[in-house]
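Now for the letters of each chain:
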Amino acid sequence: MSAELVLCSIDGAIATLTLNRPEKLNALTADTFERLRTHLEALAGDDAVRVVVLTGAGRSFCAGHDLAALAEGDALAHRFREAETIGLLEDLPKPTIAKIHGHCFTGGLELALGCDLLVAGESAQLGDTHSQWGLVPLWGMSVRLPERVGMSRAKELSFTARRMPAAEAAGIGLVDHCVPDAELDRYVADLADRIAANSPGSHRIYKALYANARSMDRTAAMRAETEMTFGFPDDAAARLAGGTRG
């Protein structure tokens, strides 16, 4: 297994995970998921890291699952492990940003949907192309895509396998921001910096509360918030006393 399938770099409080198969448009394999999982597990326990950015090397974010691996039965053999890895990304106790450029299709879109925020360059194309290949989602697309865009819109995207330009994706809420390609790196860096300046304890608790809102009925989720189920951020007193940022 190559240690270079997913690169991890840390700059201050910001970690960047980069899918690194540019010659294959960062197509996903079981080995890619194992490297990603290793990095996510390490970052989850790294208190110095406050934001994680996920992106792809070369001209694409991720074109999807490697079709050659699919033909060999790779998808079925590893589907639970791969789905769990996207779950680890979704449940990471710190904010995550998908920085999307070029292709973001099918498995690549499933991976991006595991992030809290999605930012795309204007030339990016996004789509769920499972039905084009006679495939079905295995990693959570049928849940996360409707959560993003609504059930009927998700059905349309899945049934047509249409590639959608980033501006349209922003218009329906599939991505949160569409920016000029030349500004994508700076925009995501500024967004990550703004997030990192705030309380990591607040972010951890917010993510847990929002997870409750998805998995519980409304009354139970409201009670969990009121009862302070997840405690209080450790840095609250210092921030309140001194107006602390960062």
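The rules behind the values
- Residues numbered from 1 in each chain as written.
- Predicted model: local features only at pLDDT ≥ 70, side-chain atom pairs only at ≥ 80, totals over all residues.
- Heavy atoms only, no water.
- 1 Å grid on protein atoms, 1.4 Å probe; cavity = no way out; pocket = protein on both sides within 12 Å on 5 of 7 lines; lining within 4 Å.
- Points joined across faces, edges and corners; volume = space filled by probe spheres on them.
- Helix = DSSP H or I, 4+ residues; strand = E, 2+ residues; numbered from the N terminus.
- Domains from an automatic or database assignment.
- Contact = heavy atoms within 4.5 Å.
- Buried area = accessible area lost by both parts, 1.4 Å probe.
- Salt bridge = Lys/Arg side-chain N within 4 Å of Asp/Glu carboxyl O.
- Core = buried A, V, L, I, M, F, W, Y, C linked by side-chain atoms within 4.5 Å.
- Buried < 20%, exposed > 50% of the residue type's maximum accessible area, 1.4 Å probe, protein only.

- In the nomenclature of an unreviewed UniProt entry, the chain is known as Enoyl-CoA hydratase/carnithine racemase of Nocardia amikacinitolerans.

As for the layout of surface pockets
With a probe scaled to a water molecule rolled over the atoms, the places where space remains empty come into view.
Right, so step 1: The space that makes up the largest pocket amounts to roughly 500 Å³.
Right, so step 2: If you go around the largest pocket, you meet 20 residues; those closest to its centre are Glu-90, Asp-116, Lys-207, Tyr-210 and Arg-214.
Right, so step 3: Elements with a contribution of two residues or more to the lining of the largest pocket: α3 (74–91), α5 (141–149) and α9 (200–215).
Right, so step 4: With eight residues, α9 is the largest single contributor of residues to the lining of the largest pocket.

Overview of the domain arrangement of the chain
A common way to state how big an interface is: give the accessible area lost once the parts meet.
Right, so step 1: Under the domain assignment used here, the chain contains domain 1 (6–197) and domain 2 (200–242).
Right, so step 2: Relative to domain 2, the C-alpha centre of domain 1 lies at a distance of 26 Å.
Right, so step 3: Every contact between the two is made by 13 residues of domain 1 and, on the other side, six residues of domain 2.
Right, so step 4: Of the roughly 700 Å² buried where domain 1 meets domain 2, counting both sides, 50% is carbon and sulfur surface.
Right, so step 5: Where domain 1 touches domain 2, the interface holds two salt bridges.
Right, so step 6: The salt bridge partner of Lys-207 is Asp-116, with a shortest N-O separation of 2.9 Å.

Section: the nonpolar core
Right, so step 1: With 41 residues, the main nonpolar core has Leu-54, Ile-100, Leu-126 and Leu-174 as its most contacted residues.
Right, so step 2: Other than its neighbours up to four places away in sequence, Leu-174 contacts Leu-109, Leu-113, Leu-118, Leu-126, Leu-145, Arg-148, Val-149, Met-164 and Ala-169.
Right, so step 3: In terms of nonpolar packing, the next biggest core, distinct from the first, is built from twelve residues, Ile-14, Val-51, Ile-97 and Ile-195 among them.

Re unusual backbone geometry
Right, so step 1: Positive phi, close to 55 degrees, is recorded for Thr-106, a residue that is not glycine.
Right, so step 2: Of note, Thr-106 is situated in the loop between β5 (103–105) and α4 (107–113).
Right, so step 3: The buried category is assigned to Thr-106, whose relative accessible area is 10%.
Right, so step 4: Backbone geometry at Met-228 places phi at a positive 55 degrees, although glycine is not the residue there.
Right, so step 5: If you trace the backbone, Met-228 turns up in the loop between α10 (218–226) and α11 (236–242).

Details of empty space enclosed by the protein
Right, so step 1: Evaluation of the coordinates by the stated rule reveals one cavity of 30 Å³ or more.
Right, so step 2: Size it by volume and the largest cavity reaches roughly 30 Å³.
Right, so step 3: In terms of lining residues, the largest cavity is bounded by Leu-109, Leu-126, Gly-127, Asp-128, Leu-145, Leu-157, Met-164 and Leu-174.

Observations regarding the pattern of salt bridges
Right, so step 1: Counted under the stated rule, the structure contains 13 salt bridges.
Right, so step 2: Here Asp-185 ties to Lys-99 by a salt bridge, and the two come within 3.0 Å at their closest N and O atoms. With a gap of 86 residues between them, Asp-185 in helix α8 (residues 184–196) and Lys-99 in strand β4 (residues 96–100) connect regions that are remote in the sequence.
Right, so step 3: Residue classification places Lys-99 among the buried residues on the basis of a relative accessible area of 15%.
Right, so step 4: One continuous salt-bridge network, built from bridges that share partners, spans Arg-37, Glu-41 and Glu-84.

Structural notes on the environment of Ala-27
Right, so step 1: One can find Ala-27 in the loop between β2 (14–19) and α1 (30–44).
Right, so step 2: For Ala-27, a relative accessible area of 9% corresponds to the buried category.
Right, so step 3: Sequence separation of Ala-27 and Val-49 is 22 residues, and the distance between their C-alpha atoms is 27 Å.
Right, so step 4: Sequence-distant contacts of Ala-27, defined by excluding residues within four places in its chain, comprise Arg-21, Thr-32, Gly-64, His-65 and Asp-66.

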